[in-house]
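# Per-entry structural report
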Amino acid sequence: MVRFPIAKQKAHSLTGRITQPLLYQAFKAIKRNRGAAGIDRVSIKMFEANLDVNLTALERQLKDGSFCPFSLRRKFILKEPGRFRPLGIPAVRDRVAQEVLRRLLNPIFERLFHDASYGFIQGRNCHQALAKVLELHQAGLKVVLDADITGFFDNLPHPVILRAVAAQVADGNILRLIQKFLRAGVMEDGVFKPTTIGTPQGGVMTPPTQ
């Protein structure tokens, strides 16, 4: 659960923090996570073969506003018998750009997470969550509520997402980059499908499913 109060002092100069060292760290993280090529068919190995040139070009595009992400490549993975989960696979270049944005935004938004939130937060894990549950049980609490919203991230309206980010970030270039990723669309069986709502599962900035 996340609170999104309007920040007293918004982050203004995130674009200026996009540097070659940050891009290189982002690429290393992408390489560790591996993953398939996007619709441009450029693999991690191919991207790395011209790494300096690629990262220099990417830095320039991210800073001057000319960056435009490729559409996602649709892939379906088996979630359970007879049920498939759609993934949107970004191009390697786009995954690096997403990782850069994630590293810039994480310090701003992680501090807003609820104290009882443990999933996918740096420095927190399921063991800590279990310890908290045991602590609450010993304090006398006996009821556990297990709830989920089906397809929540798939159905979030883009204006809601952008307003939440804009409440903390005043860097217009960063906001436009996020909007471009949200609207990048998906290629499925050679057919382009626009993304007008939600965040397609599969990208670096996609909220993980638990």
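Reference entry: report on the structure contained in this document. (Residues numbered from 1 in each chain as written. Predicted model: local features only at pLDDT ≥ 70, side-chain atom pairs only at ≥ 80, totals over all residues. Heavy atoms only, no water.)

### Points about the packing of helix α4 (residues 92–109) against helix α7 (residues 172–182)
Quick note on the threshold: Axes here refer to lines fitted to C-alpha atoms; in helices the fit is confined to the stretch in contact. Angles between the N-to-C directions go from 0 to 180 degrees. Strands here mean DSSP runs of E at least two residues long; helices mean DSSP runs of H or I at least four residues long; both are numbered from the N terminus. An angle below 35 degrees is read as roughly parallel, one above 145 as roughly antiparallel, one from 65 to 115 as roughly perpendicular, and any other as oblique. Each crossing gets its hand from how the near helix is turned against the far one by less than a right angle, where anticlockwise is left-handed and clockwise is right-handed. In this analysis, two residues are considered to be in contact whenever any of their non-hydrogen atoms come within 4.5 Å of each other. Any residue that is not Ala, Val, Leu, Ile, Met, Phe, Trp, Tyr, Cys, Pro, Asp, Glu, Lys or Arg is counted as polar, Gly included; the first ten are nonpolar and the last four charged.
Following both chains from N to C, one finds α4 and α7 inclined at 135 degrees, their axes separated by 12 Å at the closest point. Accordingly, the angle class assigned to the pair α4 and α7 is oblique. The chirality of how α4 crosses α7 is left-handed. Across the interface between the two elements, Asp-94, Ala-97, Gln-98, Leu-101, Leu-104 and Leu-105 from α4 touch Ile-174, Leu-177, Ile-178 and Phe-181 from α7. Classifying every residue of the contact of α4 with α7 by side-chain character gives eight nonpolar, one polar and one charged.

### Some points on the packing of aromatic side chains
Put simply, the rule reads: Centre distance within 6.5 Å is the pairing criterion for rings of Phe, Tyr and Trp, where only the six-membered ring of Trp is used; planes under 30 degrees apart are then read as stacked, over 60 as edge-to-face, and the remainder as tilted. Buried residues are those whose accessible area, probed at 1.4 Å on protein chains only, stays under 20% of the maximum for their type, while exposed residues exceed 50% and partly exposed ones sit between those limits.
Going through the model one piece at a time under the given rule, you end up with three aromatic pairs. Taking 5.7 Å as the distance between ring centres and 50 degrees as the angle between the ring planes, the aromatic pair formed by Phe-67 and Phe-181 counts as tilted. In this pair, Phe-67 is assigned in the loop between α3 (51–64) and β1 (72–80) and Phe-181 in helix α7, connecting sequence segments 114 residues apart. The pair Phe-67 / Phe-181 is uniform in exposure class, with both members buried. Centre to centre, the rings of Phe-152 and Phe-153 are 5.1 Å apart; their planes meet at 75 degrees, and the pair counts as edge-to-face.

### Looking at the pattern of salt bridges
We count it as follows: By convention in these notes, a salt bridge is any Lys or Arg side-chain nitrogen within 4 Å of a carboxyl oxygen on Asp or Glu.
In this structure the tally under the stated criterion is eight salt bridges. The shortest N-O distance in the salt bridge between Glu-135 and Lys-132 comes to 3.4 Å. Here Glu-135 pairs with Lys-132, and both are found in helix α5 (residues 126–138), just three residues apart, close to one helical turn. Here Lys-193 makes a salt bridge to Glu-188, at a shortest N to O gap of 3.3 Å. Because the salt bridges share partners, they merge into one network encompassing Arg-74, Glu-188 and Lys-193.

Remember, this is a structural readout, not a statement about activity or role.
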